Amino acid sequence: MALHPEVAAYRAARAAAGTPPLYDQTLAEARAADLAAIRAGAGAVEQVFEVRDERIPGPAGDLPLRVYRPAGSGALPTLLYFFGGGWTLGSIDTADGICRRLANLVPCQVITVGYRLAPEHPFPAAVQDCHAATVWIARHADRLGADPGRLALGGDSAGGNLAAAVTLLCRADGPALAAQLLVYPNTDQSGAPAGPVGDDSTLFNRHSVAWYRTHYLTDPAQARDPLASPLLADDLSGLPPALVVTAELDPLCAEGQRYAERLREAGVPTRLAHYPQMIHGFFAMPGVFTDGRRAQAGAAAFLREHFGLPDRAAASPAGSAVRGG
């Protein structure tokens, strides 16, 4: 497989360090290693005008929120961002770098929620928490300084899966959403993932996908539920405009691209930003991958457009290809 030079260097460094794959570690070890790797790859911590932590009621107890607010007064357009980690790893700290950068780049208010993790809390606990947080934020927009008419959902990997699932729920019951940002999302858990990475233990591979899935789903039949596999929803019409980001060397690439196709077929304005020779996780590592910075800038441009904010000429919402409207 052809590797981007930055991916080749990243892979070589992991191989030289003997870094074990997360699926060969204990759950506690994997959670700590995942956060450490993301922090190491995120680059310099960006300063945001205001960052604060709050707690809100959830389906099974309080949920932590972290609010990132750029300078400005009044009600701001708001992105609710769900962190990745295979529904098993991660916390509000996992998405800290992404949230800071998007808050500054758009600019908009960004909120991330600490949803419950598997295997302690398997499917559909994370979906329930993320949906509850979305509804609560829309209903308490005044308290948070959010514009309820300009609310978007986003996330990477499992967070992209959760954003897509919650978007389906919001279509039926509200709140109305301005956009959805889906970064290499899991969209179909009913089949075996494939891709050029194969069994390469230095990269996110098919074993990684299976390991997360085993923790999240307690019954294989749950993989057919659209809230676990949004690609399997009968109808995707009436959803908000979408940007789907995919990476060529990601075992989730094909299902992400197929979800973008199905959204477009259903009449949803959809853009696919595909990054050749990139790997799963690159969006969260702009300190390592130039395309991570490009993808974040593209995501900010997409959100700016759908929040009705003035254009910033520098960013293009794409990798090597942008398709759709």
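Higher on the page you've got the structure.
Every residue gets a number counted from 1 within its own chain, in the order that chain's sequence is written. Residues qualify for local features only when their pLDDT is at least 70, as the model is predicted, and side-chain atom pairs are given and counted only at 80 or more; totals for whole chains, interfaces and linings, by contrast, use all residues. As a rule here, side-chain values come from all non-hydrogen atoms in the structure, and water together with hydrogens is ignored.

Put simply, DSSP marks the helices as runs of H or I at least four residues long and the strands as runs of E at least two long, and each gets a number from the N terminus on. What the protein chain contains, in helices and strands, is nine helices and nine strands. Radius of gyration (C-alpha) of the protein chain: 18 Å, near the 20 Å computed for a compact globule of 325 residues. For the C-alpha atoms alone, the extent of the protein chain along its principal axes is close to 50 × 45 × 40 Å. A 1.4 Å probe rolled over the protein chains alone gives each residue an accessible area, and that area as a share of the maximum for its type sets the label: buried under 20%, exposed over 50%, partly exposed in between. By the burial criterion, 57% of the 325 residues in the protein chain qualify as buried. Note on method: radius of gyration uses C-alpha positions; expected globular size equals 2.2 Å times residues raised to 0.38.

Let us look at the packing of helix 4 (residues 125-139) against helix 6 (residues 158-173). Whenever a helix is involved, its axis is fitted only over the stretch in contact; in every case the axis is a line through C-alpha atoms, and angles between N-to-C directions fall within 0 to 180 degrees. In contact at an axis separation of 9 Å, helix 4 and helix 6 are set at 60 degrees when each is read in the N-to-C sense. Here helix 6 runs oblique to helix 4, going by the angle between their axes. Along this stretch, helix 4 crosses helix 6, giving a crossing that reads as right-handed. Of the residues in helix 6, those in contact with Ala126, Val127, Cys130, His131 and Thr134 of helix 4 are Leu162, Ala165, Val166, Leu169 and Cys170. Among the residues making up the contact of helix 4 with helix 6, the classes are represented as eight nonpolar, two polar and no charged. Should an angle fall under 35 degrees it is called roughly parallel, over 145 degrees roughly antiparallel, and 65 to 115 degrees roughly perpendicular, with every other angle called oblique. With the far helix as reference, a near helix turned anticlockwise by less than a right angle produces a left-handed crossing, and one turned clockwise produces a right-handed crossing. Note on contacts: a residue pair qualifies if any of its non-hydrogen atoms lie within 4.5 Å across the two residues. As a working rule, the residues Ala, Val, Leu, Ile, Met, Phe, Trp, Tyr, Cys and Pro are called nonpolar, Asp, Glu, Lys and Arg charged, and the rest polar, with Gly in that last group.

In terms of burial, strand 3 (residues 76-82) is a largely internal element, seven of the seven residues being buried. In this sheet, strand 5 (residues 146-156) lies alongside strand 3 in parallel orientation, the contact comprising six bridges. In the sheet register, Phe82 faces strand 5, and the bridge partner there is Gly155. Two strands make a pair as long as DSSP finds a minimum of two bridges between them. Bridging between strand 3 and strand 4 (residues 109-113) involves four bridges; their strand directions are parallel. Residue pairing in the sheet places Leu80 in a bridge with Ile111 of strand 4.

It is worth spelling out the pattern of salt bridges at this point. Think of a salt bridge as a Lys or Arg side-chain nitrogen and an Asp or Glu carboxyl oxygen that are within 4 Å of each other. This model, assessed by the stated rule, comprises 18 salt bridges. Of the charged contacts, one joins Glu46 and Arg101 as a salt bridge, the two residues approaching to 2.7 Å between their closest N and O atoms. Of the two residues, Glu46 is situated in the loop between helix 2 (27-41) and strand 1 (50-58) and Arg101 in helix 3 (residues 96-105); the sequence distance between them amounts to 55 residues. Taking the shortest distance from any N to any O, the salt bridge between Arg258 and Glu261 comes out at 3.3 Å. Here the residue Arg258 and the residue Glu261 both occupy positions in helix 8 (residues 253-265), the gap between them amounting to three residues, near one helical turn. Looking at Arg258, the relative accessible area reads 32%, which means it is partly exposed. A relative accessible area of 35% means that Glu261 is categorised as partly exposed. Among the charged side chains, a salt-bridge network with shared partners connects Arg39, Asp53, Arg66, Asp93, Asp96 and Arg100.

Here we take up the pairing of strand 2 (residues 61-69). Pairing analysis gives nine bridges linking strand 1 to strand 2, with the strands arranged antiparallel. Paired with Arg55 across the bridge in strand 2 is Pro64. Count of turn residues in the strand 1/strand 2 antiparallel hairpin: two residues. Pairing of strand 2 with strand 4 involves four bridges; the strand directions are antiparallel. Note on strand 4: the bridge partner recorded for Leu65 is Val113.

This paragraph deals with the nonpolar core. The term nonpolar core refers to a set of buried residues drawn from Ala, Val, Leu, Ile, Met, Phe, Trp, Tyr and Cys, joined through side-chain atoms within 4.5 Å. Grouped together as the largest cluster of nonpolar side chains are 97 residues, with contacts concentrated most on Tyr81, Phe82, Val110, Leu162, Tyr216 and Phe282. The dominant element in this core, judged by the number of residues it contributes, is helix 6, at eight residues.

In this section: the side chain of Asp156. When you line up the elements, Asp156 lands in strand 5. Setting aside anything within four residues of it in sequence, one finds Asp156 in contact with Tyr81, Phe82, Phe83, Gly84, Ile98, Val183 and Tyr184.

Considering the arrangement of structural elements, one finds Arg304 in helix 9 (residues 290-306). In this tally Asp and Glu are treated as negative and Lys and Arg as positive; neither His nor the chain ends contributes. With no salt bridge to any partner, buried Arg304 finds its closest opposite charge in Asp311, at an N-O distance of 4.6 Å. Of note is the side chain of Arg304, whose polar atom sits 2.8 Å from the backbone oxygen of Leu105. Whenever two N or O atoms come within 3.5 Å, that pair is a polar contact, provided that in protein one can donate a hydrogen and the other can accept it, and provided that, for residues adjacent in sequence, both atoms are side-chain atoms.

Of all 10 residues in helix 3, seven are buried; the element is thus mostly enclosed. What helix 3 keeps buried is the set Asp96, Ile98, Cys99, Arg100, Arg101, Leu102 and Ala103.

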